[in-house]
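# Fold and contact review
If you want the building blocks of each chain, they are given just below.
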There are 2 protein chains.
Amino acid sequence: MTFIDKFRRVTAPQGLGLCVGLDPDPNRLPAQFSCDLKGISDFLDGVITASAPFAAAYKVNTAFFEAWGTPGWALLERIAGRLPEASLRIADAKRGDIGNTAQHYAKAFLENLPFDAITLSPYLGGDTLQPYLKNPDKGGFVLALTSNPGAKDLQYYTDGTDRLYQRVLAQIPAWAPQHNLGAVVGATHPEELIEIRHRFPNVPLLIPGIGAQGGDAAVVANLADPAKAPLLVNLSRAILYPESKLAFPESVVEACGEWKKKLLVAGG
Amino acid sequence: MTFIDKFRRVTAPQGLGLCVGLDPDPNRLPAQFSCDLKGISDFLDGVITASAPFAAAYKVNTAFFEAWGTPGWALLERIAGRLPEASLRIADAKRGDIGNTAQHYAKAFLENLPFDAITLSPYLGGDTLQPYLKNPDKGGFVLALTSNPGAKDLQYYTDGTDRLYQRVLAQIPAWAPQHNLGAVVGATHPEELIEIRHRFPNVPLLIPGIGAQGGDAAVVANLADPAKAPLLVNLSRAILYPESKLAFPESVVEACGEWKKKLLVAGG
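Residues numbered from 1 in each chain as written. Chains lettered and ligands numbered in written order. Predicted model: local features only at pLDDT ≥ 70, side-chain atom pairs only at ≥ 80, totals over all residues.

### Here we look at the packing of helix H2 (residues 37-51) of chain B against helix H4 (residues 69-82) of chain B
All names here are of chain B. Here is the rule we go by: For helices, the fitted axis covers only the stretch in contact; all axes are lines through C-alpha atoms, and the angles between them, taken along N-to-C directions, range from 0 to 180 degrees. The helix count covers DSSP runs of H or I at least four residues long, the strand count covers runs of E at least two residues long, and both are numbered beginning at the N terminus. Angle categories: roughly parallel below 35 degrees, roughly antiparallel above 145, roughly perpendicular from 65 to 115, and oblique for all the rest. Should the near helix be turned anticlockwise from the far one by less than a right angle, the crossing is termed left-handed; should it be turned clockwise, right-handed. The contact criterion used here is simple: two residues whose C-beta atoms, placed from the backbone, lie within 7 Å are in contact. Any residue that is not Ala, Val, Leu, Ile, Met, Phe, Trp, Tyr, Cys, Pro, Asp, Glu, Lys or Arg is counted as polar, Gly included; the first ten are nonpolar and the last four charged.
Across the interface, H2 lies against H4 with an axial gap of 11 Å and an inter-helix angle of 15°. With respect to each other, H2 and H4 are oriented roughly parallel. The handedness of the crossing between H2 and H4 comes out as right-handed. Only Pro 71, Gly 72, Leu 75, Ile 79 and Arg 82 of H4 make contact with H2, whose side of the interface consists of Leu 37, Ile 40, Ser 41, Leu 44, Asp 45 and Ile 48. Taken together, the residues of the contact of H2 with H4 sort by class into seven nonpolar, two polar and two charged.

Quick look at the structure:
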């Protein structure tokens with residue numbers, strides 16, 4: 001199945017799905033887990049089991065594994081293999097390097113590891129994205145407008161007509177005629193997000209910034225439209241460490257249910 | 001010792017030094033090495049020993065290790081620990097993510113691994129670079145103008161006064177008042193490289209693109225000036241797989257000597 005077909009399938013029927021972000025912080029684990037790699041491993045197993053009925057996609061943040069060195073990479077491999085095959089499995093690696101190096105990153109994440117997609121930096125240009133996109137069954141999400149305050153340093157740079165993030169979005173159809181490249185647009189910029197959706201309806205979006213970062217779920221929910229490209233809303237901290245009266249893993253089940261309702265009922 | 005002091009020391013007295021890029025391609029190893037991780041490991045040991053008398057710095061390309069999964073990361077750790085402490089040890093990882101994720105990447109490369117510096121993408125803005133720069137003994141090299149053809153897709157984007165890569169360079173002093181952030185500028189753009197050196201004389205540069213990618217050593221050599229910020233010229237394929245009548249590792253010794261002569265005699 002091609003990347004875009006799988007993306008449509010996991011987000012059907014509304015054209016919007018919940019992406020569970022796995023950013024395991026050892027200092028925020030529930031009390032029953034040890035603050036080490038064993039604790040993280042057990043915690044993630046519990047999160048995946050609890051969230052699987054709700055998750056259209058999973059996004060695994062490689063930094064939180066690399067920080068543990070070789071055993072961390074081994075856990076990344078195990079967790080990647082543990083994600084439901086029917087979900088869209090995203091390596092949140094933000095890689096970006098010239099072609100012969102990019103081939104090795106593509107091999108690492110899209111061949112050796114069973115990810116369907118990888119997050120990418122656009123700074124080096126379209127030629128450096130191609131190694132990740134040559135197989136239409138795999139895909140990428142290129143950074144466009146990110147959720148952090150410093151996003152404005154370069155992403156708002158303008159030639160008088162378009163800002164840099166708009167230029168990135170405008171080039172996506174040429175970079176990926178096989179429809180296997182989406183964009184990362186943070187929900188912390190609601191006006192720009194609405195403008196992007198209107199101007200680039202055929203670009204699939206991965207939307208972080210809701211929950212801990214303060215973006216508004218209703219804004220995103222209203223963008224869902226099965227006639228346009230599919231959307232994924234990523235939630236990491238709000239799913240992994242929810243404020244709840246329930247204990248883990250019921251707290252995760254509850255958080256998934258509540259967020260899915262906010263995103264899909266409002267949007268439906 | 002601070003990053004900038006160590007950078008000046010390794011590039012003294014000319015203000016320019018040879019950086020040996022470790023991008024181990026299993027298909028290009030000398031015949032005595034097996035085409036596997038064991039062969040790569042032995043090959044890199046030989047390269048480091050042969051190049052140590054010539055190298056101001058080493059740049060380890062993480063993609064070539066990640067492509068081997070967990071055993072590859074274990075080799076990355078071993079090789080990082082094997083680099084001469086007196087050299088400037090650079091993780092060529094091109095990382096770039098928001099703050100709480102960047103902290104984990106910084107821990108992975110600048111705390112757990114003994115690298116002095118890491119290559120970074122500027123796309124997300126200055127706030128995302130700070131976790132790598134807070135310790136003045138460690139540093140970064142942010143992508144400015146890269147050596148690949150697609151560099152022009154975004155890096156030449158202009159507001160009518162400056163191109164994007166110039167904007168990146170102009171912001172470096174504000175992003176890193178501790179002088180621990182340099183820039184990556186490819187030698188495949190000789191006119192721009194000269195312009196950058198003239199306009200931003202206080203920004204340390206890491207210059208790839210010479211050798212296999214076709215950049216001219218003489219152009220770079222002429223930019224060396226101990227009164228300005230220090231320069232590193234990276235050579236990967238031209239050092240690792242030189243055309244030579246000599247066998248490995250003498251071929252590497254010869255290549256290091258020849259390139260150092262081209263870079264430093266011309267520049268002196």
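### Quick look at the sheet that holds strand E7 (residues 205-207) of chain B
How we decide: Pairing between strands is defined by DSSP: at least two bridges between the two strands are required.
On the basis of which strands lie adjacent, the closed barrel formed by eight strands has the order E1-E2-E3-E4-E5-E6-E7-E8 (chain B) and parallel pairing. Neighbouring strand axes in the sheet, compared pairwise and without regard to direction, differ in orientation by 30° on average.

### Examining the sheet that holds strand E1 (residues 16-22) of chain A
Residue and element names in this part refer to chain A. Reading around the barrel, the eight strands line up as E1-E2-E3-E4-E5-E6-E7-E8 and close back on themselves, with parallel pairing between neighbours. Along the sheet, successive strands turn relative to each other by an average axial angle of 30°, direction set aside. Sheet analysis places E1 next to strand E8 (residues 231-235), joined by five bridges and oriented parallel. What sits directly across from Leu 18, in E8, is Val 233.

### Structural notes on helix H1 (residues 3-11) of chain B
Residues and elements named next belong to chain B. To keep things clear, this is the line we draw: Think of it as a crowd count around each C-beta: if 20 or more other C-beta atoms lie within 10 Å the residue is buried, if 12 or fewer it is exposed, and in between it is partly exposed, with C-beta placed from the backbone throughout. Note that the arc is computed from the directions linking the helix axis to the C-beta atoms.
When H1 is considered as a whole, its buried residues turn out to be Phe 3, Ile 4, Lys 6, Phe 7, Val 10 and Thr 11. Along H1, the residues classed as buried sweep out an arc of 160° about the axis, all on the same side. Tucked inside the fold, the buried residues of H1 contact strand E1 (16-22), strand E2 (57-61), strand E3 (88-95), strand E4 (117-120), strand E5 (139-145) and strand E8 (231-235).

### Focus: the pairing of strand E6 (residues 181-185) of chain B
All names here are of chain B. Rule in force here: Handedness of a crossover: with both strands directed away from the viewer, a clockwise path from the first strand across the helix to the second marks it as right-handed.
Of all five residues in E6, five are buried; the element is thus mostly enclosed. Of the two faces of E6, the one holding Leu 181, Ala 183 and Val 185 and the one holding Gly 182 and Val 184 are both buried throughout. In this sheet, E6 lies alongside E5 in parallel orientation, the contact comprising five bridges. From the neighbouring strand, Leu 143 faces E6, where its bridge partner is Val 184. Bridge count between E6 and E7: two bridges; the pairing is parallel. Directly across from Ala 183, in E7, lies its bridge partner Leu 205. Chirality of the crossover, the property in question, places the unit of E6, helix H9 (residues 190-199) and E7 among those that are right-handed.

### Brief notes about the interface of chain A and chain B
Taken together, the 47 residues of chain A in the interface contact 47 residues of chain B. The dominant element in the side of chain A that touches chain B, judged by the number of residues it contributes, is helix H5 (residues 99-112) of chain A, at seven residues. Tallied by class, residues from the side of chain A that touches chain B come to 17 nonpolar, 19 polar and 11 charged.

Worth remembering: the numbers are spatial, not functional.
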